[in-house]
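# Structure assessment
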Amino acid sequence: MKRLLLALFCFLSFSTFANEPTATTAEATDTEEFNPGEMILHHIGDSHEWHWFSLGNDHYTTYLPVIAFRPGHGLSTFSSHQLAEGKVYDGLKLEHEHLVSEDGSKVYDFSITKNVMSLMLSAALLLLVFTAVARGYAKRGTGAPRGIQSFFEPIIIFVRDEVAKKSIGPKYERYMPYLLTVFFFIWFNNLMGLMPGGANLTGNIAVTLTLALITLLITLFSSNKNYWHHIFATPGVPKALLPIMIPVELIGIVVKPFSLMVRLFANITAGHIVTLSFISLIFIFRNIGVAPVSLAFGLFINVLELLVAILQAYIFTLLTAMYIGGAVEEHHDADYQMGGGDGAEPAHAH
Amino acid sequence: MNIVTPELGLIFWQVVIFGIVLLLLRSFAWKPILSSLKERESSIEGALRMADQAKLEMQELKAGNEKLLAEARLERDRIMKEATAMSSQLIEQAKDKANEEGTRLITQAREAIQNEKNAALAEVKNTAAQLSIDIAERILRRELTDQSAQQQLVDSYLKEVKLN
């Protein structure tokens, strides 16, 4: 990915700013060299403190609690301030934002990292927003929606009618809570990740992995006879081909959630990388003249990311609904075949 | 690369927090919201259906009214016709009866007159007979005395008798 980025930079610098003399490289060596790749990876990665911004040498940082478990040593909790700037505390230190023990023994890191903190904030926000929406319904009953309720109602109805009903069929109601939660969870966190100082939560593979695993588990636990019949005795396939088809179908079960995991992770991370890359151009060229161009591009990408934020939430929810729909389907009628397609779904890849 | 390696801690927190959010939202947000939406949709649907039904009923009612009106008109015509027929029949009957009664009365009167006449004639005949007998008797009595006187007597008797 670093190489790709470099290639992108080269391409951009040669095409757009070819007439700009790159005399700045000589001066760059005398100060601390700016490494865009490192900066970007730092921004999209997780960390044990929440770094807001720096003014000169003053860093405005919120130190978050570290919770580490070591077999034989037990649980140790302390502020990540103790580990700032490579310090060692309680036999623990940070190596590239990774908690390791000094003696090399195994450390299970359950720290409230920046992403966990952001996760908690988004959870609180989700609860706050949707209990408020629910209060609107409790207050107005079957009357017309107002305020925040009228903003979210069309989206909830969209998820119910266009995603759940169409993909799952008559049994959709059981899965509505998960589909709605996953939709708004991804959307809210995508938007929070786009805010200045926000954490890249939905662009973190651990988060998308968990969501995809939950989808897989729900699919497997709600699967019926038809689903397994389709896998072990695919209709319309000659018996001789079954030794090939069964492994393919079994791999398909895993590939579907895997594609969910990678799609969300890659889309959100890529968006962050591209935005940060445009911002980095200013520091690479060390020229204020580049700023308007790179800001314009950055703004464009950011606005595009606003669209991607809801689009990815929609795609994740839709595919989840389709996978569930494929598992609970009663008849394998060709006209009704909504879910259960191949896991890759190239048409949706962003 | 670091960014494609999932961290155990984050997976743990994600499972815990997402699970809590899912459970809380399910019971405190999605269930009331979805049930309210359903309720509202069914109430709107019910109202629409009821409006349709009311329209249909109105149409039926209107059609029924018209039918009733037409029936009533027919009935009225029929009754009118019947009544006219009956009245004319009655008049006819009355006329017939009156005529009959008239003829009957006239015949009766005629019969009565005839009877009276007969009775009267019979009486006149009797009286005349009686008178004749009386006169004859008196004449016979006077005959014995005087001729002239007899004549005189017959004359006076004749004078006395006035034939109606």
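Structure: see above.
Predicted model only: the values in this text are computed from it and were never measured. (Residues numbered from 1 in each chain as written. Chains lettered and ligands numbered in written order. Predicted model: local features only at pLDDT ≥ 70, side-chain atom pairs only at ≥ 80, totals over all residues. Heavy atoms only, no water.)

### Quick notes on helix H4 (residues 114-140) of chain A
The condition that has to hold: Helix and strand definitions follow DSSP, with helices as H or I runs of at least four residues and strands as E runs of at least two, each counted in order from the N terminus. Expected span of a helix, by definition, is 1.5 Å for each gap between consecutive residues, and there is one gap fewer than residues.
With 27 residues, H4(A) should cover 39 Å at 1.5 Å per step; its first-to-last C-alpha distance of 39 Å lies within 8% of that length. A positive backbone phi angle near 60° is found at A:Gly141, which sits one or two residues after H4(A).

### Thoughts on the environment of A:Gly197
Residue and element names in this part refer to chain A. Heads up, the rule is: Whether a residue is buried, partly exposed or exposed follows from its accessible area with a 1.4 Å probe, protein chains only, as a fraction of its type maximum: under 20%, in between, or over 50%, in that order. In what follows, a contact means two residues having at least one pair of non-hydrogen atoms within 4.5 Å.
Counting through the fold element by element, Gly197 comes out in the loop between helix H6 (176-194) and helix H7 (205-222). What makes Gly197 partly exposed here is its relative accessible area of 27%. Spatially, the C-alpha atom of Gly197 lies 9.1 Å from that of His43, the residues being 154 residues apart in sequence. Excluding its chain neighbours within four sequence positions, the residues that come into contact with Gly197 are Trp50, Trp52 and Lys114.

### As for the interface of chain B and chain A
How large an interface is tends to be reported as the accessible area lost when its parts come together. Counted only if it meets this: Buried area: the accessible surface (1.4 Å probe) lost by two parts on joining, summed over both. The term salt bridge refers to a pairing of a side-chain nitrogen on Lys or Arg with a carboxyl oxygen on Asp or Glu at a separation within 4 Å. Each polar contact in these results corresponds to two N or O atoms within 3.5 Å; when the atoms are within protein, one needs to be able to donate a hydrogen and the other to accept it, and residues that are neighboring in sequence are counted only if both atoms are side-chain atoms. Gly is put with the polar residues, along with every residue not named as nonpolar or charged; the nonpolar set is Ala, Val, Leu, Ile, Met, Phe, Trp, Tyr, Cys and Pro, and the charged set is Asp, Glu, Lys and Arg.
Each partner contributes residues to the interface: chain B has 35 residues there, and chain A has 52 residues. Across the chain B to chain A interface the summed buried area is about 3800 Å²; carbon plus sulfur atoms make up 78%. Linking chain B with chain A are 3 salt bridges. The partner of B:Glu41 in a salt bridge is A:Arg160, with the nearest N and O atoms 2.7 Å apart. The interface formed by chain B and chain A contains 7 residue pairs in polar contact (both at pLDDT 80 or more). Here the side of chain B that touches chain A is built from residues that sort into 23 nonpolar, 6 polar and 6 charged.

### Some remarks on the sheet that holds strand S4 (residues 74-79) of chain A
All names here are of chain A. Just so we agree on the cut-off: By the convention used here, strands pair only if DSSP detects at least 2 bridges between them.
Taken in spatial order, the 3 strands line up as S4-S3-S7 in an open sheet, and their pairing is antiparallel. Edge strands, defined here as strands with exactly one partner in the open sheet, are S4 and strand S7 (108-109). Pairing between strand S3 (residues 65-70) and S4: 6 bridges, direction antiparallel. Bridging across to S4, Val66 finds its partner in Phe78.

### With respect to the packing of helix H5 (residues 148-168) of chain A against helix H10 (residues 290-328) of chain A
All names here are of chain A. To be explicit about the condition: Lines fitted to C-alpha atoms define the axes, with helix axes restricted to the stretch in contact, and inter-axis angles between N-to-C directions lie between 0 and 180 degrees. We call a crossing left-handed when the near helix sits turned anticlockwise from the far one by less than a right angle, and right-handed when that turn is clockwise.
One can describe the packing of H5 onto H10 by two numbers: an axis separation of 7 Å at closest approach and a directional angle of 30°. Along this stretch, H5 crosses H10, giving a crossing that reads as right-handed. Across the interface between the two elements, Phe158, Val159, Val163, Ser167 and Ile168 of H5 pack against Tyr314, Thr317, Leu318, Ala321, Met322, Ile324, Gly325 and Val328 of H10. Residues of the contact of H5 with H10, tallied by class, amount to 10 nonpolar, 3 polar and no charged.

### Points about the pairing of strand S6 (residues 98-101) of chain A
Residues and elements named next belong to chain A. Two elements, strand S5 (residues 92-95) and S6, share 4 bridges in a ladder whose sense is antiparallel. Within the sheet, the bridge partner assigned to Glu95 lies in S6 and is His98. Following S5, the chain reverses through 2 residues before pairing antiparallel with S6; His96 in that reversal takes a positive phi of roughly 50°.

### Regarding the nonpolar core
Definition in use: Only buried Ala, Val, Leu, Ile, Met, Phe, Trp, Tyr and Cys residues count toward a nonpolar core, and they belong to the same one when joined by side-chain atoms within 4.5 Å.
In this structure, A:Phe130, A:Phe152, A:Phe184 and B:Trp30 are the most contacted members of the largest nonpolar core, which totals 75 residues. Of all the elements in the fold, those that place two or more residues in this core are helix H3 (36-44), H4, H5, H6, H7, helix H9 (242-285) and H10 of chain A together with helix H1 (8-142) of chain B. Per-element tally for this core: the top contributor is H1(B), with 13 residues. Not counting residues up to four positions away in its chain, the partners in contact with A:Phe152 are A:Val129, A:Phe130, A:Val133, A:Phe184, A:Trp187 and A:Phe188. Residues A:Leu92, A:Leu94, A:Leu99 and A:Val107 belong to the second largest nonpolar core, which totals 8 residues.

### Some remarks on the packing of aromatic side chains
The geometry of an aromatic ring pair is captured by the separation of the ring centres together with the interplanar angle, meaning the angle of the planes. Heads up, the rule is: The rule is short: rings of Phe, Tyr and Trp, with Trp giving its six-membered ring, pair when the centres are within 6.5 Å, and they are stacked under 30 degrees, edge-to-face over 60, tilted in between. Placement of a positive charge over a ring is assigned whenever Lys NZ or Arg CZ falls within 6 Å of the ring centre and within 35 degrees of the normal to the ring plane.
The tally for this structure, following the rule as stated, stands at 26 aromatic pairs over all chains. Note on A:Phe184 and A:Phe188: the rings are 6.2 Å apart at their centroids and 85° apart in plane angle, and the pair reads as edge-to-face. In this pair, A:Phe184 and A:Phe188 are both assigned in helix H6, 4 residues apart and thus about one turn of the helix distant. Centre to centre, the rings of A:Trp228 and A:Phe232 are 6.3 Å apart; their planes meet at 20°, and the pair counts as stacked. With A:Trp228 and A:Phe232 both in helix H8 (residues 225-232) and 4 residues apart, the pair spans about one turn of that helix. Relative accessible area serves as the criterion here: at 30%, A:Trp228 is assigned to the partly exposed category. Linked through ring pairs, A:Phe130, A:Phe151, A:Phe152, A:Phe183, A:Phe184, A:Trp187, A:Phe188 and B:Trp30 together constitute an aromatic cluster. Residue placement shows A:Lys106 over the ring face of A:Tyr108; its charged tip is 5.3 Å from the ring centre.

### Some points on H7(A)
Residue and element names in this part refer to chain A. In this model H7 runs 25 Å from its N-terminal to its C-terminal C-alpha over 18 residues, within 8% of the 26 Å that 1.5 Å per residue would give. For H7, the set of buried residues is Ile205, Ala206, Val207, Thr208, Thr210, Leu211, Ala212, Thr215, Leu216, Thr219 and Ser222. Of the residues that open H7, the one with a side-chain oxygen 2.9 Å from the backbone nitrogen of Ala206 is Asn204.

### A few points about unusual backbone geometry
Residue and element names in this part refer to chain A. The phi dihedral of Asp90 is positive, around 55°, even though this residue is not glycine. With respect to the element layout, Asp90 can be found in the loop between S4 and S5. With a phi close to 50°, Arg286 is a non-glycine residue in the positive phi region. Tracing the chain through its elements places Arg286 in the loop between H9 and H10.

Honestly, it's all geometry; don't read function into it.
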